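# Breakdown of the fold
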Amino acid sequence: MDFLRPASWEEALAAKAEHPTAVPIAGGTDVMVEINFDHRRPDVLLDLNRIGELQEWEVGEETVRLGASVPYTRIIERLRGELPGLALAGHTVGSPQIRNRGSVGGNLGAASPAGDSHPALLAAGAEVEAVSVRGTRMIPVEEFYTGVKRNCLEADELIRAVHIKKADGPQQFSKVGTRNAMVIAVCAFGLALHPETRTVKTGIGSAAPTPIRARAAEEFLNAALEEAGLWDNGRIIPPSVARQFAELVSGAANPIDDVRGSAAYRRHALGVMARRTLGWTWDEYRGNERSARCA
Amino acid sequence: MAQSTSSVITLNVNGEKRTLPVDHRTTLLDALRERLDLTGTKKGCDQGQCGACTVLIDGRRAVSCLQLAVAAEGREITTIEGLADGDQLHPVQQAFLDLDGFQCGYCTPGQICSALAVIEEHAAGWPSAATTDVRPEAGVPPLTADEIRERMSGNLCRCGAYVSIVQAVARAAGVETAQAAPALPQQGRTEEGTAA
Ligand SMILES: Cc1cc2nc3c(=O)[nH]c(=O)nc-3n(C[C@H](O)[C@H](O)[C@H](O)COP(=O)(O)OP(=O)(O)OC[C@H]3O[C@@H](n4cnc5c(N)ncnc54)[C@H](O)[C@@H]3O)c2cc1C
Ligand code: FES
Ligand code: FES
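Residues numbered from 1 in each chain as written. Chains lettered and ligands numbered in written order. Predicted model: local features only at pLDDT ≥ 70, side-chain atom pairs only at ≥ 80, totals over all residues.

Turning our eyes to something else, we now look at the interface of chain A and chain B. Opposite the 29 residues of chain A that make contact, chain B presents 30 residues. For the side of chain A that touches chain B, the secondary-structure elements that each account for two or more residues are β1 (2–4), α2 (31–36), β3 (44–47), α3 (72–78), α4 (84–91) and α5 (96–101) of chain A. Tallying contributions element by element places α5 of chain A first for the side of chain A that touches chain B, with five residues. Taken together, the residues of the side of chain A that touches chain B sort by class into 13 nonpolar, 11 polar and five charged. (Contact = placed C-beta atoms within 7 Å. Helix = DSSP H or I, 4+ residues; strand = E, 2+ residues; numbered from the N terminus. Nonpolar A, V, L, I, M, F, W, Y, C, P; charged D, E, K, R; others polar.)

Given below as structure tokens:
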């Protein structure tokens, strides 16, 4: 196995163009498990750890440009105000040691349907900055996942960063696992309220071949909130609306039976998580609205 | 470019420079144990799940089984062998000894390296997943037993010495042990964390 350690981003892109089968390694928390257990025998490994800009982020007007290798620990510590959903999801990844190394770029590269970043990225709204010597593509995260552990990166492309919408309202993430630390999600759900556009966005993990948004559920809820004027009057969401939303979220999933849980259990759990996260975020939104009006 | 499968690297371990040839697949854990005779760092699972191989890399805790030795070149690596100052144990080591923070001791080097980082991370204001209010303005809660358990959750102990491990970490952190680690089994357990 050849080992390449480019010292700059340009060098990394050139190396990837020259060795399209080279496997990039960021935190290594996915790649190394595969190598240690001989599930993968890359002929070339491309170490991205010397490239400083992949470890950095920029907070812009509307988005955060998050370098591909920024570890979860940093996101939790430094970006939980701008990216609360992703910070909450990051909190549930592996263990503190894994969070010190594991990154969103790696989570996207692995594209596991169980990756915890994905529901948060889908709910917040995000684009993947994919770069090669040929140029740069901005890929909406919805289109990035193409199958179980597959994404739409070309062989010569690397992820430079993820552009994530800064939160304009409350966000939540919820995950069902068999215990708190170090579990792969049985299923996971992310929800973000976007008061500026008066929309709600969702992300479902581990309950379909790829991470997905529950679009029918979003559309139903957007219409129901609008119709009852709830964004303005800040009243509670009627239980019938929350229930219908939860059912539509369950219905959006296309889960399988596996060792971690049955399809029926996953569907049920998703409905419960959808109802709870909607309750939590809406309470927070109403609280903010109330204090804004009192001020 | 010629394909090569090994390199000669220089690792900076416990303040000492050690030069050795390694196959590119060699993990830092195997390099430490098999090549540098630093067998304090243990291998439990080789897949990042047990924490027995935890070391400090540039001051941050990391599992050495998921780190390639070649990629560790140029970094400062601290293992359990590097903590004591001569015969003077590190305060975290002393606390584990004083409070029996182990049974067989296999997980202990990893627990101690992790504990060191826990105390520093907490002092630096990092929140944990047990921190219920993670808003930046909420600040960091005291190092309670729940906080310690969550922050140490990357280190498993097959002997189940957790009660004393939590006490040892609390002692080393200078937290009131009574508050941090109530005598668990005797007390009626209460349901924690019912969602509001
Ligand atoms: C014990 C343990 C527990 C875990 N628990 C969780 C969990 O709870 N939730 C979860 O989501 N994940 C979990 N994981 C998986 C892993 O930690 C995450 O997927 C993490 O986000 C991977 O990031 P990384 O930087 O370590 O990726 P790496 O292992 O370095 O890379 C992962 C993949 O992405 C590719 N890649 C990396 N960077 C780039 C780039 N810039 N451009 C293109 N491709 C790239 C790599 O080639 C590889 O295919 C766990 C892993 C372990 C070992
Ligand atoms: S041996 Fe590294 S975490 Fe278990
Ligand atoms: S003391 Fe035996 S594994 Fe922890």
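Past the structure itself, the notes keep going.
The next point concerns the packing of helix α3 (residues 108–123) of chain B against helix α5 (residues 162–173) of chain B. Two quantities define a packed helix pair, namely the angle between the helix axes and the distance between the axes. Residues and elements named next belong to chain B. For the pair α3 and α5, the least separation of the axes is 10 Å and the interaxial angle reads 45 degrees. Between α3 and α5, the angle is such that the two are oblique. Crossing hand, α3 versus α5: right-handed. Of α5, the residues touching α3 (which contributes Gln111, Ala115, Val118 and Ile119) are Ile165, Val169, Ala172 and Ala173. When grouped by side-chain class, the residues that make up the contact of α3 with α5 number seven nonpolar, one polar and no charged. (Axes fitted to C-alpha atoms, helices over the stretch in contact; angles between N-to-C directions. Parallel < 35°, antiparallel > 145°, perpendicular 65-115°, else oblique. Left-handed = near helix turned anticlockwise from the far one by under 90°.)

Residues and elements named next belong to chain A. Positive phi is not limited to glycine here, since Arg198 has a value of about 55 degrees. Tracing the chain through its elements places Arg198 in the loop between β12 (187–194) and β13 (199–205). Positive phi is not limited to glycine here, since Ser206 has a value of about 65 degrees. With respect to the element layout, Ser206 can be found in the loop between β13 and α9 (215–227). Judged by the 30 C-beta atoms lying within 10 Å of it, Ser206 is buried. (Buried ≥ 20, exposed ≤ 12 C-beta atoms within 10 Å, placed from the backbone.)

For the rest of this paragraph, the subject is the domain arrangement of chain B. Residue and element names in this part refer to chain B. Per the domain assignment, the segments of chain B are domain 1 (6–82) and domain 2 (91–180). For domain 1 and domain 2, the distance between their C-alpha centroids amounts to 23 Å. The interface of domain 1 with domain 2 comprises 13 residues on the first partner and 12 residues on the second. Its residues assigned to classes, the side of domain 1 that touches domain 2 shows six nonpolar, four polar and three charged. (Domains from an automatic or database assignment.)

A few words now on the sheet that holds strand β1 (residues 6–13) of chain B. All names here are of chain B. As summarised here, the arrangement of the five strands in space is β2-β1-β5-β3-β4, forming an open sheet in which the pairing is mixed. In this open sheet, the two strands that pair with only one neighbour each are β2 (16–23) and β4 (60–63). Mean inter-strand twist for the sheet, computed between neighbouring axes without regard to direction, equals 40 degrees. Of the pairings in the sheet, the one linking β1 to β2 comprises eight bridges and is antiparallel in character. Across the sheet, residue Ser7 finds its bridge partner in β2, namely Val22. (Pairing = 2+ DSSP bridges.)

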